[in-house]
Amino acid sequence: MTPTAQAALDRVRERAGAELVERIEHLDRTRAAHVADRILGAADREARVDTDVVVAGGGLSLLIAAELARLGLRVAVIERTRAGAAHREWNASDEELRPLVAAGIVTDAELTELVIARYREGVCAFHGGTARRVRGVLDRAVDAGPLLSRVRRVAEARGVVFVDGARVHAVGASATSVRVGFQHAAGAADELLARVMVDARGASSPYASADLVCPTVGGVVRGLAEGRGPREVDPEVGDILVTTEDVDPESRLQHVWEGFPGRPGEVTVYLFYYARAHEAPNEALASLYARFFDTLDTYKTGDPELIRPTFGYIPGWSRLAPAPRGPSHRVVLVGDAAARHSPLTFCGFGSMLRSFQPVAREIARAVEEGRPPRRNLVPEDAVHAWTGALATVMASGALGGPKLNGLLDAAFGVLEEMGNDDFEDLLKDRMAGKTFTEFLRRTGSRHPSVYREVLHALGPVAATRWGIRLARELLA
Ligand SMILES: Cc1cc2nc3c(=O)[nH]c(=O)nc-3n(C[C@H](O)[C@H](O)[C@H](O)COP(=O)(O)OP(=O)(O)OC[C@H]3O[C@@H](n4cnc5c(N)ncnc54)[C@H](O)[C@@H]3O)c2cc1C
């Protein structure tokens, strides 16, 4: 470990205790190791499968397991710790939560209980600029713990088999089946033969090769001052993207805050930045947490206490590089492993809520028809092809000093002018290409250096690829 990372860990230990430091070190070690799956030989064509689908990983993607079982498939979930036991808060909008009711996970009344806070509006505000307000986006906070334990109970009732405390570490696919090798916590090796393996191991999947990453730290904080001031918490307002400083001259990173109130007196606060995956340091979380504690008062005042830390690396895919994919058509990636969510907002929760039913339907059809699922089984939202370039610009560090904040303030100012529907559509991943080009044109006239800055930040190859896509959209 570098002396800087060690010093950062010492500061985190002082502020939040040894247990958090151990968890950070464990995640950083796992990320650095990035262990590949062992390759197994293919099973005989005629071999009888043990189950239709093995889902490797029992985090948020457990929704897919429950839906597959509802469609009549035999499903086994293999989880390194305990499936359906996440502890964090997620935010989404009302309409994005509806599939939970449609899929029979919760009733309307149960959904109302899972929502722990509702906001009037969301804010995007960039250092030196104006707060831009949007309604209908990320305005419901959901307690992930009760949600995921509910998904697990429903899945169990539908016959899903859970193997907790086992690590998937080997895969062998043939034209008709896939062998999934795993190791129980006590050390015993085991194996299941399935028609399809769903890789839901999140960022630690060996196939999670997305080109962007968003190291994120924070969690539930108590003791922040409440009020209507910019550095106070308004329980009816969620901060979607807020910066309180320019790009750091040393690291060339733009740090961003997100904050959304939860139960009375509690706020979920995250500090994160976008980076190109190959450039993000392996020990990113320790120094980011140290910065969280050191600079929280530039974001919100009060006497903060971090009562439930959450942190991790969220993968993002710019759409300017090859998509993450499994080693075979019989191994499909979902959730963070696939990184099909927005490369701008990194909202994996909203993306999963929209996609878990279509994904399960395609897998069920494929099993029924005796073929592997389509490679692109997570429905792709067109807007990501455009916003991926913006995220790459943010990750590149090329727009130093106040330039990036200036560009973001101009862009979000245009969105606000275009009206709530367009602003909402962009943040909910459904803005049409034509509207996006109009948004770019207007950003260009408000901030004339945008094209030069984007070209400089992306480099000639990616910028040309992006330009061709835009031109196609304009000519269509
Ligand atoms: C700090 C933080 C805050 C976030 N906040 C938000 C938010 O507010 N809104 C939002 O939309 N998104 C948010 N996200 C993103 C969201 O949490 C992810 O997109 C989502 O959890 C991805 O779900 P998943 O099932 O793909 O992966 P995960 O939920 O990460 O689950 C992966 C599972 O796989 C298991 N696993 C790993 N390796 C193995 C193995 N070898 N064998 C078996 N099991 C294995 C893990 O133990 C884990 O349970 C946040 C992410 C982080 C890190």
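Everything numeric here is computed off the predicted structure, so don't read it as measured data.

Colleague: Which parts of the structure should I look at to understand the pattern of salt bridges?
Modeller: It is possible for side chains of opposite charge to pair when their charged atoms get near one another. Scanning all chains against the criterion turns up 44 salt bridges. Asp409 is the partner of Arg132 in a salt bridge, and the nearest nitrogen-oxygen pair spans 3.2 Å. Taken together, the positions of Arg132 in strand S7 (residues 132-134) and Asp409 in helix H11 (residues 403-418) put the pair 277 residues apart, joining distant regions of the chain. According to the relative accessible area criterion, Arg132 is buried, its value standing at 9%. A relative accessible area of 16% means that Asp409 is categorised as buried. Residues joined by salt bridges that share partners form a network here, namely Arg120, Glu121, Arg133, Arg228, Asp234 and Glu236.

Colleague: It is not clear to me how helix H7 (residues 284-299) should be interpreted in this structure. Could you clarify?
Modeller: Residue pairs three or four apart in sequence face the same way in an α-helix, which turns once every 3.6 residues. At Phe293, H7 shows its strongest bend, of approximately 45°. Taking burial as the measure, the 16 residues of H7 include 12 buried ones, the bulk of the element. Buried within H7 are the following residues: Ala284, Leu285, Ala286, Leu288, Tyr289, Ala290, Arg291, Phe292, Phe293, Thr295, Leu296 and Tyr299.

Colleague: Please explain the side chain of Ser342 as it appears in this structure.
Modeller: Counting through the fold element by element, Ser342 comes out in the loop between helix H8 (335-338) and helix H9 (348-369). On the accessibility criterion, Ser342 (3% relative accessible area) is buried. Excluding residues that lie within four positions of it along the chain, Ser342 makes contacts with Cys347, His384 and Asp429.

Colleague: What is the right way to read the sheet that holds strand S5 (residues 115-118) from this model?
Modeller: The strands that make up a sheet pair up through hydrogen bonds in the backbone, lying either parallel or antiparallel. What the 3 strands build is an open sheet, ordered S4-S8-S5; its pairing is antiparallel. Each edge of the open sheet carries a strand with a single partner, namely strand S4 (89-92) and S5. Shown here is a sheet whose adjacent strand axes are inclined to one another by a mean of 25°, direction ignored. Pairing between S5 and strand S8 (residues 140-143): 3 bridges, direction antiparallel. Counterpart to Ala117 in the pairing with S8 is Ala141.

Colleague: Help me understand the packing of aromatic side chains, please; the structure alone is not making it clear to me.
Modeller: As enumerated under the stated definition, the model contains 13 aromatic pairs in all. Here the aromatic rings of Tyr274 and Phe346 are separated by 5.1 Å at their centres, their planes lie at 15°, and the arrangement is stacked. Here the residue Tyr274 occupies a position in the loop between strand S16 (266-272) and strand S17 (275-276), and Phe346 occupies one in the loop between H8 and H9, the gap between them amounting to 72 residues. For the pair formed by Tyr274 and Phe346, the shared burial category is buried. One aromatic cluster is present, built from ring pairs that chain together Trp257, Tyr289, Phe292, Phe293, Tyr299 and Phe311. A cation over an aromatic ring shows up here: Arg152 above the ring of Phe162, its NZ or CZ 4.2 Å from the ring centre.

Cut-offs applied
- Residues numbered from 1 in each chain as written.
- Predicted model: local features only at pLDDT ≥ 70, side-chain atom pairs only at ≥ 80, totals over all residues.
- Heavy atoms only, no water.
- Salt bridge = Lys/Arg side-chain N within 4 Å of Asp/Glu carboxyl O.
- Helix = DSSP H or I, 4+ residues; strand = E, 2+ residues; numbered from the N terminus.
- Buried < 20%, exposed > 50% of the residue type's maximum accessible area, 1.4 Å probe, protein only.
- Bend = angle between axes of the 7 residues up to and from the residue.
- Contact = heavy atoms within 4.5 Å.
- Pairing = 2+ DSSP bridges.
- Axes fitted to C-alpha atoms, helices over the stretch in contact; angles between N-to-C directions.
- Phe/Tyr/Trp six-rings, centres within 6.5 Å; stacked < 30°, edge-to-face > 60°.
- Lys NZ or Arg CZ within 6 Å of the ring centre and 35° of its normal.

Worth remembering: the numbers are spatial, not functional.
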